[in-house]
Amino acid sequence: MKKVLQSVFVLTVVTVLVSSAFASASTVQASGKPDKAEEVDLQVMAFNLRYLNDSDPSPHTWAERVPAIKKLIRQHKPDIIGTQEVVYQQLQDLETNLKNYSWIGLGREGGSNGEYSAIFYNDKQYSPLEYDHFWLSDTPAVIGSATWGNTIPRMVTWAKFLDKKSQQSFYVINTHFDHRSENAREKSAELIVEKIQDFDPELPILLTGDFNASPESAPHTALTSENAFDDLWNTADVRINENLGTFNGFDDPTGGGPEKRIDWVLAKGNIETHSIEIINDEKKGQFPSDHYPVMADVTLSY
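Residues numbered from 1 in each chain as written. Predicted model: local features only at pLDDT ≥ 70, side-chain atom pairs only at ≥ 80, totals over all residues. Heavy atoms only, no water.

**Comments concerning the sheet that holds strand S14 (residues 294-301)**
Part 1: Strands sit in the order S4-S5-S3-S2-S14-S13-S11 across an open sheet of 7 strands; the sheet is mixed. Edge strands, defined here as strands with exactly one partner in the open sheet, are strand S4 (101-104) and strand S11 (238-240). Pairwise comparison of adjacent strand axes, ignoring direction, gives a mean angle of 20° for this sheet.
Part 2: The sheet contact formed by strand S3 (residues 80-84) and strand S5 (residues 119-122) spans 3 bridges and is antiparallel. Bridging across to S5, Ile-81 finds its partner in Phe-120. (Pairing = 2+ DSSP bridges. Helix = DSSP H or I, 4+ residues; strand = E, 2+ residues; numbered from the N terminus. Axes fitted to C-alpha atoms, helices over the stretch in contact; angles between N-to-C directions.)

**Here we look at the nonpolar core**
Part 1: Counting residues in hydrophobic clusters, the biggest one holds 31 residues, and the most contacted among them are Leu-42, Ile-80, Phe-161 and Phe-170.
Part 2: If near-sequence neighbours (up to four positions away) are discounted, Phe-161 is found in contact with Ile-80, Ile-104, Ile-119, Tyr-121, Tyr-126, Ser-127, Pro-128, Leu-129, Gln-168, Ser-169, Phe-170 and Val-172.
Part 3: Judged by nonpolar contacts, the second largest core, of 25 residues, contains Ile-196, Leu-203, Ala-213 and Leu-223. (Core = buried A, V, L, I, M, F, W, Y, C linked by side-chain atoms within 4.5 Å. Buried < 20%, exposed > 50% of the residue type's maximum accessible area, 1.4 Å probe, protein only. Contact = heavy atoms within 4.5 Å.)

**Describing empty space enclosed by the protein**
Part 1: Taken as a whole, this structure holds 3 cavities of 30 Å³ or more when the rule is applied.
Part 2: The calculated volume of the largest cavity comes to roughly 60 Å³.
Part 3: Lining the largest cavity are Glu-85, Arg-108, Glu-115, Tyr-116, Ser-117, Pro-153, Arg-154, Met-155 and His-176.
Part 4: Per-class residue counts for the lining of the largest cavity are 3 nonpolar, 2 polar and 4 charged. (1 Å grid on protein atoms, 1.4 Å probe; cavity = no way out; pocket = protein on both sides within 12 Å on 5 of 7 lines; lining within 4 Å. Points joined across faces, edges and corners; volume = space filled by probe spheres on them. Nonpolar A, V, L, I, M, F, W, Y, C, P; charged D, E, K, R; others polar.)

**Details of helix H4 (residues 88-97)**
Part 1: Where H4 is concerned, the buried positions are Gln-90, Leu-91, Leu-94 and Glu-95. On an axial view of H4, the arc spanned by its buried residues comes to 140°, and they lie on one face. (Arc of directions from axis to C-beta.)

**Focus: the side chain of Gln-168**
Part 1: With respect to the secondary-structure elements, Gln-168 resides in the loop between strand S7 (155-163) and strand S8 (169-176).
Part 2: A relative accessible area of 9% places Gln-168 in the buried class.
Part 3: Every residue in contact with Gln-168, bar those within four places of it in the chain, is listed here: Lys-36, Ala-37, Val-40, Phe-161, Leu-162, Asp-163 and Tyr-302.

**Concerning the layout of surface pockets**
Part 1: Roughly 320 Å³ of volume is contained in the largest pocket.
Part 2: As for the largest pocket, its lining consists of 16 residues, and the residues nearest its centre are Glu-85, His-176, His-179, Asp-210 and Asn-212.
Part 3: Here the residues of the lining of the largest pocket are counted per class, giving 4 nonpolar, 4 polar and 8 charged.

**Description of the packing of helix H3 (residues 62-76) against H4**
Part 1: At a minimum axis distance of 11 Å, the contact between H3 and H4 shows a crossing angle of 40°. As judged from the angle between their axes, H3 and H4 are oblique. In this structure, H3 crosses over H4, and the sense of that crossing is right-handed. Counting all contacts with H3, which are made through Trp-62, Arg-65, Val-66, Ile-69 and Lys-70, the residues of H4 involved are Gln-90, Asp-93, Leu-94 and Asn-97.
Part 2: Residues of the contact of H3 with H4, tallied by class, amount to 4 nonpolar, 2 polar and 3 charged. (Parallel < 35°, antiparallel > 145°, perpendicular 65-115°, else oblique. Left-handed = near helix turned anticlockwise from the far one by under 90°.)

**Some details on the pattern of salt bridges**
Part 1: The final tally for this structure, using the stated rule, is 8 salt bridges.
Part 2: Between Asp-178 and Arg-154 there is a salt bridge, with its nearest N and O atoms 3.2 Å apart. Here Asp-178, found in the loop between S8 and helix H5 (182-195), pairs with Arg-154, found in the loop between strand S6 (126-135) and S7; they are 24 residues apart in sequence, far enough to count as distant.
Part 3: Linking Glu-242 and Arg-239 is a salt bridge whose minimum nitrogen-to-oxygen distance equals 2.9 Å.
Part 4: Owing to a relative accessible area of 45%, Glu-242 belongs among the partly exposed residues under this scheme.
Part 5: Judged by relative accessible area, Arg-239 falls into the partly exposed class, the value being 32%.
Part 6: Among the charged side chains, a salt-bridge network with shared partners connects Arg-50, Asp-56 and Asp-290. (Salt bridge = Lys/Arg side-chain N within 4 Å of Asp/Glu carboxyl O.)

Right, dumping it as structure tokens:
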């Protein structure tokens, strides 16, 4: 949000920033301390917020849903939120309503154009050290590229964060896979597994997203293959709302059932998952989004 995005993605200079974005990952300096804790406790959430449009009827308009989203976030207090489908106006509204959160992101069509896969973070506790973006295509450095049968560009936003208290670092990757092309989803999963090879192998990685695929799908298998990620739904000590899916469509309290668990929190590294929850908030027929958020309570060990 203000502390990062307005200093990096200010709309008046975004064209210049985008043109150099792929020369190297952007770097933010942070002062270090000599002592580091051995663990980081973290609440991480995946949340498809439903894009802003004029066709969603009351009580599901964006203006009506903002207070419900604000209430949900204030109640559950995630440290990191991987969001999907948000456009720039929505980011501005969330910026106004979510205190102590900043965000990192770029529109999938470049600059502020198109939907974002923005990462929100508690800026009192965390600061970004590096961040970048790539597109889910054969040409991942080309803004807005789509080559795998998807007509809508799909992308990844990632950041390396410093936990200010422990002085330890970790990565967060956030994405939104295509909703129509199975080929695009499979290749997107394979590209992410390839891209993480460039990350510091000593640091934990968290992956959030709307993957538009079931837990039994080929993309899930690719992402959870050997030396890739663990699905925290499977490794958690406690699972809350196991009988639900995550796509409620504004009208299905079951979220489509477990086969519609299409929003995931995955992780790689020495990570213990204490609990994970599909948060099925709904009041008088109003859902905060057409997807239920998923939140994991984890400990990263170093």
